[in-house]
Amino acid sequence: MNIIEGCAAPLPYSNLDTDQIMPKQFLRGIDKQGLDKGLLYDMRFDDAGHERPDFVLNRMPWRQACILVGGPNFGCGSSREHAVWGLLQYGIRAVIAPSFAEIFFFNAMNNGLLLVALDQTRVQALLAQVSDPARAHLRIDVLHGLVDAGSGNVAGFELSERHRDMFLHGHDMVDATLARQDAIAAFETRHWRERPWLEDNARRALAGSRA
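Participant: Could you clarify how one ought to interpret the overall build of the chain in this entry?
Facilitator: Scanning the chain from N- to C-terminus turns up nine helices and seven strands. Relative to the compact-globule value of 17 Å for 211 residues, the chain shows a C-alpha radius of gyration of 22 Å, a clear excess of over 25%. Dimensions along the principal axes, computed over C-alpha positions, put the chain at roughly 75 × 45 × 25 Å. When each of the 211 residues of the chain is scored for burial, the buried share is 38%. Taking as baseline every contact in the chain between residues at least 6 positions apart, the subset at least 24 positions apart corresponds to 65%. Total accessible area on the chain stands at roughly 11,800 Å², and carbon and sulfur atoms take up 51% of it. Counting 22 positive and 26 negative side-chain charges, the chain places the centres of these two groups 4 Å from one another.

Below is the structure:
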């Protein structure tokens, strides 16, 4: 997927953690199903389970958002991968923020959720823009690393080559590794040719200890 385009919702919270993104009561299942219902549950719903009318994702047009614009250290807290699964099931394809927690970043990369890091000033401008329902449309060009907010307002962002390739081809880390099988096999052959004394060293050492 080269282009992500659509409504963007503002979540102007610093340190939004994975416990808030996906509360613990939605972690009981043994599969990934139904996590969209738990996404940001305590923000979206009151104690009686009714929607909070003032929360952004309960209002149009942001109810249909496919992009979130958040605050710094997005996704901090516990390592629960369910937070990423829930975002994707809800329909979120990308999150833009000044910074992301490390474990959340790699969970997102491994599951096809695009994370775009922009400087704080840019993010604040985007938060202000997408808070206006008439200006909540963003376009992200993954291949070229660009966020287009319209009216000539374009910001560049960086992705590692691995991250970009994984996202564009729909690969997780296992897929990305398997795609390099030939290079891995060539390295292995070269390694043993140059260091033959290391090959099968563990088996020979074990056999010697039993002698």
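Participant: Sorry if this is basic, but what is going on with the pairing of strand β2 (residues 67-70) here?
Facilitator: Every other side chain in a regular strand lies on the same face of the sheet, so the side chains alternate between the two faces. Burial of β2 is two-sided: the residues I67 and V69 facing one way and the residues L68 and G70 facing the other way are all buried. Bridge analysis of β2 against strand β3 (residues 94-97) gives three bridges, and the strand direction is parallel. Considered in β3, the bridge of L68 is made with V95. The β-α-β motif built from β2, the intervening helix α3 (residues 82-90) and the parallel element β3 has right-handed crossover chirality.

Participant: I keep staring at the sheet that holds β2 and nothing clicks. Help me out?
Facilitator: Read from one edge to the other, the open sheet built from seven strands follows the order β4-β3-β2-β1-β5-β6-β7, with strand pairing classed as mixed. The open sheet terminates on both sides in strands that have one partner only, identified here as β4 (114-117) and β7 (154-156). Neighbour-to-neighbour, the strand axes of the sheet open up by a mean angle of 25 degrees, direction not taken into account. Sitting on the sheet, helix α5 (residues 120-130) touches β1 (3-11), β2, β3, β5 (137-141), β6 (146-148) and β7, and the angle it makes with β2 is about 125 degrees.

Participant: How do you make sense of the packing of aromatic side chains when you look at a structure like this?
Facilitator: We describe a pair of aromatic rings using the distance from one ring centre to the other and the angle between the two ring planes. On inspection of all chains with the given rule, the structure shows five aromatic pairs. Both rings, one in F74 and one in F100, keep their centres 6.2 Å apart while their planes meet at 70 degrees; by these two values the pair is edge-to-face. Of the two residues, F74 is situated in the loop between β2 and α3 and F100 in the loop between β3 and α4 (102-111); the sequence distance between them amounts to 26 residues. A relative accessible area of 1% means that F74 is categorised as buried. Of the aromatic side chains, those joined through ring pairs into one cluster are F26, Y41 and F45.

What counts as what
Residues numbered from 1 in each chain as written. Predicted model: local features only at pLDDT ≥ 70, side-chain atom pairs only at ≥ 80, totals over all residues. Heavy atoms only, no water. Helix = DSSP H or I, 4+ residues; strand = E, 2+ residues; numbered from the N terminus. Rg over C-alpha atoms; globule rule 2.2 N^0.38 Å. Buried < 20%, exposed > 50% of the residue type's maximum accessible area, 1.4 Å probe, protein only. Contact = heavy atoms within 4.5 Å. Areas by Shrake-Rupley, 256 points an atom, 1.4 Å probe, with all protein chains shown as cover. Lys, Arg positive; Asp, Glu negative; His and termini not counted. Charge placed at Lys NZ, Arg CZ, Asp CG, Glu CD. Pairing = 2+ DSSP bridges. Right-handed = clockwise from strand over helix to strand, strands pointing away. Axes fitted to C-alpha atoms, helices over the stretch in contact; angles between N-to-C directions. Phe/Tyr/Trp six-rings, centres within 6.5 Å; stacked < 30°, edge-to-face > 60°.

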